[in-house]
Amino acid sequence: MMKINQPYFILSLSPWPILMAFNTFNLMISNIMIMNFKMNMMSLFNLLMIISISILWWRDVIRESTFQGNHNFYIMNLIKFSMILFIISEMFLFISFFWNFLHNSLAPSIELGLNWPPKNIMFFNPLLIPLLNTIILLTSSFTVTLAHLYLLNNSKKKTIIFMNLTIILSIYFLMLQMLEYKQATFTFSDSIFGSSFYMATGFHGLHVIIGTIFLIINLMRMIKLHFSHIHHISFELGAWYWHFIDIIWLFLYMTFYWWNN
């Protein structure tokens, strides 16, 4: 049989996609049962399964890219294009949150007393924790850019330093976000205002957690010398994702925090 040279490679059969889909569906059902005051240990089990599957799936991708050498420059460009499509889909998710917020804030309904924010809701001062979080995320975007710059210049030590700084800033952001939620005087069930705020900022917080995990894995791979100045697509995608998170937060700050005061 004649062998044809082509830039693609055929993925081996993997159990992780179907297992991830199955456990994600079960986690959703379990959480719905918990919301209806039915204790369900399946939620914790499914969460642990999702974490385990993510680790094993990520391991397989690292193997095929770093050790098997299957991710050539053509494949890398396809992966970058896929990441761009993923970020665009995430962008439209947040556009729906902004659309919902602007629709209700520009024309509050009679149920809200024609006021926005509704009466008796004491909102956060945008010049305190929200502004600090904005500065933290902008700084983290700067540090991850510096880490990329030093990686391109083969300066491993400085790359690791700025990656550590980025991760520390991201964890600090999450701690402040938790503190803000703890100090809040309104809940998710306080009209469309509360549900809009917590849905948008909560989903952003989830993206920060995912982005932080992404950065931690990239840091571990840097320490293990998996990256070079010409082949570090995992780090590039993580940096793209982190910049996307920063841009979304700027829009969240201008609308949900500044607009409400």
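Residues numbered from 1 in each chain as written. Predicted model: local features only at pLDDT ≥ 70, side-chain atom pairs only at ≥ 80, totals over all residues. Heavy atoms only, no water.

**Student:** Honestly, the pattern of salt bridges in this entry has me stumped. Any pointers?
**Tutor:** A pair can form between side chains of opposite charge whenever their charged atoms are brought close. Counted under the stated rule, the structure contains two salt bridges. The residue Arg-59 makes a salt bridge to Asp-60 at a minimum N-O spacing of 2.8 Å. Overall, the relative accessible area of 23% leaves Asp-60 in the partly exposed class. Glu-236 serves as the salt-bridge partner of Lys-80, at 3.6 Å between the closest nitrogen and oxygen. With a gap of 156 residues between them, Lys-80 in helix α3 (residues 73-106) and Glu-236 in helix α7 (residues 233-258) connect regions that are remote in the sequence. Taking the relative accessible area as the measure of exposure, Glu-236 reaches 16% and is therefore buried. (Salt bridge = Lys/Arg side-chain N within 4 Å of Asp/Glu carboxyl O. Buried < 20%, exposed > 50% of the residue type's maximum accessible area, 1.4 Å probe, protein only. Helix = DSSP H or I, 4+ residues; strand = E, 2+ residues; numbered from the N terminus.)

**Student:** Explain the UniProt feature "transmembrane region" (unreviewed entry) in the chain to me, please; I cannot follow it from the model alone.
**Tutor:** Taken from the UniProt record, the annotation "transmembrane region" (unreviewed entry) applies to residues 7-29, 41-58, 78-102, 122-152, 159-177, 197-219 and 240-259. Secondary structure content for residues 78-102 is 100% helix and 0% strand, and the end C-alpha separation is 36 Å. Between the end C-alpha atoms of residues 197-219 there is a gap of 32 Å, over a span that is 100% helix and 0% strand. (UniProt positions renumbered as here; feature names shortened; annotations may be inferred.)

**Student:** What is the right way to look at helix α1 (residues 16-35) in this model?
**Tutor:** Note: α-helices contain 3.6 residues per turn, so residues at a spacing of three or four share the same orientation. Compared with the 28 Å implied by 1.5 Å per residue over 20 residues, the 28 Å span of α1 between its first and last C-alpha is a close match. If you follow the buried residues of α1, they end up packed against α2 (42-67). (Expected span 1.5 Å × (residues − 1). Contact = heavy atoms within 4.5 Å.)

**Student:** What should I look at first to understand the domain arrangement of the chain in this one?
**Tutor:** Many analyses report the size of an interface as the accessible area lost when the parts associate. Taken domain by domain, the chain consists of domain 1 (14-70) and domain 2 (72-257). With both sides pooled, the region where domain 1 packs onto domain 2 buries about 560 Å², and carbon together with sulfur makes up 65% of that total. Taken together, the connections running from domain 1 to domain 2 amount to zero residue pairs in polar contact (both at pLDDT 80 or more). Classifying every residue of the side of domain 1 that touches domain 2 gives three nonpolar, three polar and no charged. (Domains from an automatic or database assignment. Buried area = accessible area lost by both parts, 1.4 Å probe. Polar contact = N/O pair within 3.5 Å; in protein donor to acceptor, adjacent residues only side chain to side chain. Nonpolar A, V, L, I, M, F, W, Y, C, P; charged D, E, K, R; others polar.)

**Student:** How should I be thinking about unusual backbone geometry in this particular structure?
**Tutor:** Glycine aside, negative phi is the norm for most residues, and most peptide bonds take the trans geometry. Positioned with a positive phi, Asn-154 is a non-glycine residue whose angle comes to about 60°. With respect to the element layout, Asn-154 can be found in the loop between α4 (129-152) and α5 (156-183). Asn-154 gets classed as exposed once you look at its relative accessible area, which sits at 54%. Unusually for a residue other than glycine, Leu-225 sits at a positive phi of about 60°. For Leu-225, a relative accessible area of 59% puts it in the exposed group.

**Student:** For this particular structure, what's the right way to read α2?
**Tutor:** End to end, α2 covers 36 Å across 26 residues, agreeing with the expected 38 Å (1.5 Å per residue, within 8%). The inward-facing, buried residues of α2 contact α1 and α6 (191-223). Positive phi appears at Gly-69, one or two residues downstream of α2, with a value of about 70°.

**Student:** Looking at this structure, how should I read the nonpolar core?
**Tutor:** Generally speaking, nonpolar side chains in soluble globular proteins are found buried as a group. Within the largest apolar cluster, 53 residues are counted, with the highest numbers of intra-cluster contacts made by Met-163, Phe-186, Phe-197, Phe-235, Phe-256 and Tyr-257. Looking at this core, the elements that each hand over two or more residues are α3, α4, α5, α6 and α7. In terms of residue count, α7 provides more of this core than any other element does, 14 residues in total. Leaving out residues up to four positions away in the same chain, Phe-197 has contacts with Phe-123, Phe-124, Glu-180, Tyr-181, Phe-186, Gly-202, Phe-256 and Tyr-257. (Core = buried A, V, L, I, M, F, W, Y, C linked by side-chain atoms within 4.5 Å.)

**Student:** What am I meant to see in the side chain of Ser-234 here?
**Tutor:** When you line up the elements, Ser-234 lands in helix α7. When its relative accessible area of 10% is taken as the criterion, Ser-234 is described as buried. Among the polar contacts made by the side chain of Ser-234, one reaches the side chain of Asn-218 at a distance of 2.6 Å. Ignoring any residue separated from it by four or fewer positions in sequence, one finds Ser-234 in contact with Phe-214, Asn-218, Arg-221 and Phe-227.

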